[in-house]
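Topology and contacts: notes
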Amino acid sequence: MLRTWRQRITITDIVVWTIGFAIAVMVVYGSAKTLALGKYTTETWIDLSITGLALGGVYALIALGYTLVYGILRMINFAHSEVFMSGPFTAAFAAEALVKQGLWNTYPVLSLLIVLTVSAGVSAIIAILVERIAYRPLRHAPRLVPLITAIGASFFLQYTFRGLYGSGLKGYPEMEIFKGFWIIAGIRVFKTQAAAIIGAVVLMLILYAIVQKTKMGKAMRSVSEDKEVAALMGIDVDRTIATTFALGGVAAGLAGILYLLLFPVAHFYMGFFPGLKAFTAAVLGGIGNVPGAFLGAMVLGLLESVGPSLFLDGLGIPAAYQMKDAIAFTILVFILIFRPSGILGERLTQAKA
Amino acid sequence: MQSQNTSLWKPAIQSGLIAGGVAVLLSLVGMVATFNQRFIISGVFSMGQVIFLAPMLLMSYFFLRKTMALSSQKIVLYGLLIGVMGGLVLVLLVLLGTNFNLQAMFINSSSKLYDILTFNQPLAPGLMILLALSAVMGVLASGSFLIPPRISAAVIQGITWVLLVGLLRDLIITVTSRWGPLAGPVKSLFAVSGLKPLGAIFLFALISGLYYWRNGKPVSPAQKPTQTKDRSLLFWAKWAGLIILLLLLPPILGIFFSDILDTVFMYILMGIGLNIVVGFAGLLDLGYVAFFAIGAYTMGVLTSPELNADPMTYWQALPFAMIACVVAGLILGLPVLKMRGDYLAIVTLGFGEIVRLLALSDWLRPWFGGSQGIQLIAQPVIGNMVLNTQQELYYLFLLGVGIVAFIAWRLRDSRMGRTWMAIREDEDVAIAMGINHVAYKLMAFATGALFSGIAGTIFAAKLQSVYPHSMNFLVSINVLCLIIIGGMGSIPGVFVGSLVLMGSPELLREFAEYRYLVYGALLVVMMLTRPEGLWPDARRKLELHEEELEAEAHVLAEAETSAMKSAK
Amino acid sequence: MAILVAKGVTKRFGGLNALSKIDLEVNEKAIYSIIGPNGAGKTTFFNCVTGFYTPEEGVISLEGQNITGLSPDRVTHLGVSRTYQNIRLFKNMTAVENILVGMHPHLKANLVGSIIRDRRTVQEEKESVEEAKRLLQFVGLRGKGDLMAMNLPYGAQRRLEIARALASRPKLLLLDEPTAGMNPSETQEMVHFIRRLRDELEITILLIEHQMRVVMSISEKITVLDFGEKIAEGTPVEIQNNPQVIEAYLGRGAASGLGQVQPVA
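Residues numbered from 1 in each chain as written. Chains lettered and ligands numbered in written order. Predicted model: local features only at pLDDT ≥ 70, side-chain atom pairs only at ≥ 80, totals over all residues. Heavy atoms only, no water.

Some details on the overall build of chain B
Stated formally: In DSSP terms, a helix is any run of H or I states spanning at least four residues, a strand is any run of E spanning at least two, and both are numbered starting from the N terminus. Values of the radius of gyration come from C-alpha atoms, whereas the globule rule sets the reference at 2.2 Å times the count of residues to the power 0.38. Note on contacts: a residue pair is in contact if any heavy atoms of the two residues lie within 4.5 Å.
Within chain B one finds 25 helices and four strands. Relative to the globule expectation of 24 Å for 568 residues, the C-alpha radius of gyration of chain B, 27 Å, shows essentially globular dimensions. Principal-axis analysis of the C-alpha atoms places the extent of chain B at approximately 85 × 75 × 55 Å. Taking the intrachain contacts of chain B between residues at least 6 apart in sequence as the baseline, contacts between residues at least 24 apart amount to 75%.

See the structure below:
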């Protein structure tokens, strides 16, 4: 046994493990030092955690789209970040119109429903279009090809929306009912954050139920198992795939409204970072796995929000919050290196040749 | 291909609606209005009009080409139908836009747009003109199937050239202004923007006439089999001519266009590098800008007196920058190269962002200058001459491109190139052939990183400064687009791709606003219709053109039979 | 003398034993066949020998050297080479290029040499192209060197794949159903060809084959696998008369062993 171990360890492993170890030491040392310095109060930590969870909820809904599409087509839908952007960007105009009509605060539930519908609808339409135009004709092409069209579609959508709606920032009006905060067990929670967390959990449960329980969801799962067999069983594969994209689009559109509650500005570039992070979350949880996406998103949200202060402050790094994106990407890189199957994914390393 | 002609009405209407939808989209994203200032034929025909009418023409053309076996009557009818449907969609847009205020949402839905779409006429007659012209476009496309191919080819050539020349007016006038006696006549063809109507007619007649004449000339059999000696002479003469032309370009083009040329060549330099990674080895690297940044920043850190008490010269720092890039390529490559293609793409993208974020951070400001970047970077000195103008730096880029293209070409036709290709084709089998795939992927990655880094150092020297903002994801996307559109794995393709993609936004300033929209659309359309690119590698061209292959196989079979006969 | 020895090789996928405790000994310059119904673990065994899978238990050794758990490229360097059941050529490369890639283990041109093209590299390239052409001739594809692999007819692709495998100058050649999809006369040719490989090039051949006629006519020794277990071993005559083998084949439908295409492992 010893012999095979020695033979199997390559220079790659040594480099990877060294880098991993160095980062782990940095994180542990930084955290210990930060906590020892006592620069932040418990309250701050809790605040940061809640922010992280709210963000995680948004990521979870976006990650659902990545995970569903990956599950069914074994490909990363690169354009999903633009699917996420299109809905809320459009909904911001609907919100503005509602404000002008004076309906925004007088009928908040109705307004919210309208905005959510617009956002989910637009995102779903964009998702279906992307699938139809950029992916479906290339389903049997070499792997690199749909990946390239995905990147192309992503840029096309980004700059199309920039052309249509303008390159400026589009403010999203605040709703009276989401102003202020609640004190729950002595902890201050902003209403927007609470709404984002609750909304994300509820929506995630509903969408998960759709995937697990409905006929459509069953069709999806059978197509992801084996397209040919599913087709033989009388399942319309093309339609099922389109539905999967649509469902991912709906989730992304809903996520977009929650995102606007937290950061009330829409613009054409708003999809890039959340999209990339939601992808990270999906990989972190185990891509192709819906509960995994939720778990991964929450963990990522927490790490991103608490991480800079916890890991980096103690190391004497100034303006550590600037590093929050870098932390997310580092997590992505290391997850893919050390455990590409993610937290909840199965190990499928050898089923290859 | 459909035999039932009646069943074609529906797809034809669909095509028309799609064409109209595309035209509406192009109008609403603002391309029509932006390009309306740019005339192809002065006072008559603007680029804006081309943009909203071309969808009908092209859609009709491709629709009819797909359904060849139709009577001429039907061809005209379908063309007309597609044009009219497209026109109707546009009419609908104008009616909507003029009656409702869409501008609150679609910022380009301005009265200016509708004036353009109705040709500055009152609404009713304007709409009639719009509809009529759309219909004409559809019919024009069908016309190309009805008249003899020799004529239609000549007409298409003529129109294409008029469009190109009209668009590139500024470049052509600048270049020809130094040609002495020719300058006057050339200039007289052009107006302030675009061609003069008479000039356009002259040009059209000239080009299509020439094309018609040349196409009609029978190929004389004596010309075909040239002596091998002659051929190699011709080959060298071609190369010599090309090199002389490349060397003479800056004085011909002047400062403004030399600057554009610098950009084009910088991207060629990077493109050749990424082509090794993506085109040869099949590794999709979306964080290519990271190595460009590392090259530029190493140059900056080592040569700027701001950060360095004892700054180096450009040439002293160059080897260090190159080493830094290769090392960075190896360090990134080692862990990620075991990953599958799409994961690799995302991880490299993440790496590119990490590099940018680090350069931008306050944490590393003492070393990299944070968001202020690094200034006063050294410029290369040769003898007593400082290379500091666009024209002088062009030669540096040219030298870099020359060396790098030579290396890439040599690598392609060697054991290295074959090994990379094998990995691209089937990684498992390549491993089973005894190839250490990690080592070879690493070599591709490091070579690509090196080339990108060299481009970065020249970039830093050209601007004498580097900023984290110029190191964004879009640079990687630019490079990726140009190699895909030029042709993956093809070295001449990189030149073509860079010239088209990097040159056009600089030459047509209006285009810069829409470049990524167009690039995105190009990537999708290219992958759907012509995955081998504009100028594919000879090998790939072979794959995709079966007729030639069959001919080749035929020749082979003949050779074999004759060999067998002689053996008997 | 045995060139390949497998002792107690076990490979599991999840809870399933794809191979359990396989013992096998292949003598030098032998033609040795592995047969068995679909899913018996034949290709899995090949993948274990070539290093694509690492068996959970057991030892595989080549000429007395333990090769268990070595990476596939190292195994190839030690003199093992293979073909695939569903031909896996580099489709977009020419026939000669395919063979040149196969020569990888004993070529030396490196990055720098490839760029500057020093005398040694040029010489090596020239010699290797010559050798590739000789190999093409040996497998009967003379003059087809510049054709894309994907454009060769089916039988020629099989031959090219064998030529590519031979290019690494193997001591042990693993052939995974070389006659799959061939008509009787092509099959007959392939049988002759395999014999020639052994007789002229003195290569040991380990063969997976479905067509009984082929197996019985060329093998010196046969191992029968069923559900990952070795159920019999012996000469063709012994195997033909082994009741367990007959049951494995005939008991579950006589056709199951004949010329069917096994799903990719």
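Some points on helix α19 (residues 437–463) of chain B
Residues and elements named next belong to chain B. As a reminder of what qualifies: Expected span of a helix: the number of residues minus one, times 1.5 Å. Any residue under 20% of the maximum accessible area for its type is buried, any over 50% is exposed, and the rest in between are partly exposed; the area is computed with a 1.4 Å probe on protein chains only.
For α19, spanning 27 residues, the distance from its first C-alpha to its last is 39 Å, which sits close to the expected 39 Å at 1.5 Å a residue. Extensive coverage of α19 is indicated by the burial of 24 of its 27 residues. Two residues or fewer after α19 comes Q464, characterised by a positive phi angle close to 60°.

Focus on the environment of V524(B)
The residue V524(B) is located in helix α23 (residues 515–529) in this model. Note on V524(B): relative accessible area 9%, which makes it buried.

Observations concerning the domain arrangement of chain B
Residues and elements named next belong to chain B. To keep things clear, this is the line we draw: Boundaries of every domain are those given by an automatic assignment or by a domain database. The quantity reported as buried area is the accessible area (1.4 Å probe) lost by two parts once they are put together, taken as the sum for both.
Along its sequence, chain B is carved into domain 1 (1–146), domain 2 (149–217) and domain 3 (253–520). Using only C-alpha atoms to locate each centre, domain 2 and domain 3 end up separated by 37 Å. In this complex, domain 2 contributes seven residues to the contact, which on the side of domain 3 involves five residues. Carbon and sulfur atoms make up 84% of the surface buried where domain 2 meets domain 3, a total of about 490 Å² over both sides. Area buried by domain 2 at its contact with domain 3 is led by L167, L171 and T174, which between them contribute 59% of it.

So, the side chain of E209(C)
Residue and element names in this part refer to chain C. Test applied: By the counting rule applied here, Lys and Arg register as positive and Asp and Glu as negative, while His and the ends of each chain are not counted. What counts as a salt bridge is simple: a side-chain nitrogen of Lys or Arg found within 4 Å of a carboxyl oxygen of Asp or Glu. For the purposes of these results, a polar contact is taken to be a pair of N or O atoms within 3.5 Å, where, inside protein, one atom must be able to donate a hydrogen and its partner to accept one; residues adjacent in sequence count only when each atom of the pair is a side-chain atom.
Take E209: it is sitting in the loop between β8 (204–208) and α8 (212–218). Although E209 is buried, it makes no salt bridge; R158 carries the closest opposite charge, 8.2 Å away. A polar contact is formed between the side chain of E209 and the side chain of T179, at a distance of 2.9 Å. Residues in contact with E209, not counting those within four places in the same chain, are I34, I35, E177, P178, T179, V214 and V215.

A short note on the interface of chain A and chain B
The accessible area lost on association of the parts is a frequent measure of interface size. Quick note on the threshold: Amino acids are sorted into nonpolar (Ala, Val, Leu, Ile, Met, Phe, Trp, Tyr, Cys and Pro), charged (Asp, Glu, Lys and Arg) and polar (every other residue, Gly among them).
On the chain B side, the residues contacting the 55 residues of chain A number 51 residues. Summing both partners gives a buried area of about 4,800 Å² for chain A against chain B, and 80% of it is carried by carbon and sulfur. Counting across the chain A and chain B interface gives zero salt bridges. The tally of links from chain A across to chain B stands at three residue pairs in polar contact (both at pLDDT 80 or more). Listing elements by their share of the side of chain A that touches chain B, those giving two or more residues are α2 (11–37), α4 (80–100), α5 (108–135), α6 (144–165), α11 (272–285) and α13 (324–338) of chain A. It is α6(A) that provides the largest number of residues to the side of chain A that touches chain B, a total of 16 residues. Within the side of chain A that touches chain B, the residues separate by chemical class into 40 nonpolar, nine polar and six charged.

Considering the pairing of strand β10 (residues 229–234) of chain C
All names here are of chain C. Just so we agree on the cut-off: Strands are treated as partners if at least two bridges between them are detected by DSSP.
Pairing between strand β9 (residues 221–226) and β10: five bridges, direction antiparallel. What sits directly across from I222, in β10, is G234. The hairpin formed by β9 and β10 contains two residues between the paired strands, and F227 there has a positive phi angle of roughly 50°.

Considering helix α3 (residues 47–66) of chain B
Residue and element names in this part refer to chain B. Here α3 spans 28 Å end to end across 20 residues, near enough to the 28 Å set by a 1.5 Å rise per residue. By the burial criterion, the buried members of α3 are M47, G48, Q49, V50, I51, F52, L53, P55, M56, S60, F63 and L64. The N-terminus of α3 is capped by S46, whose side-chain oxygen sits 3.2 Å from the backbone nitrogen of G48.

Considering unusual backbone geometry
Residue and element names in this part refer to chain B. A positive phi angle, near 60°, is found at Q464, a position not held by glycine. Its location among the elements puts Q464 in the loop between α19 and α20 (473–486). Taking the relative accessible area as the measure of exposure, Q464 reaches 35% and is therefore partly exposed.

Notes on the sheet that holds strand β6 (residues 80–82) of chain C
All names here are of chain C. Selection criterion: Orientation is described by axes fitted as lines to C-alpha atoms, over the contacting stretch for helices, and by angles from 0 to 180 degrees between their N-to-C directions.
Read across the sheet, six strands follow the order β6-β7-β8-β3-β9-β10 without closing on themselves; strand pairing throughout is mixed. Since the sheet does not close on itself, it has two edges, and those belong to β6 and β10, each with one partner. Each strand axis lies, on average, 20° off the axis of its neighbour in the sheet, ignoring direction. The pairing of β6 with strand β7 (residues 172–176) spans three bridges and is parallel. Bridging from a neighbouring strand, S81 pairs with L173 of β7.

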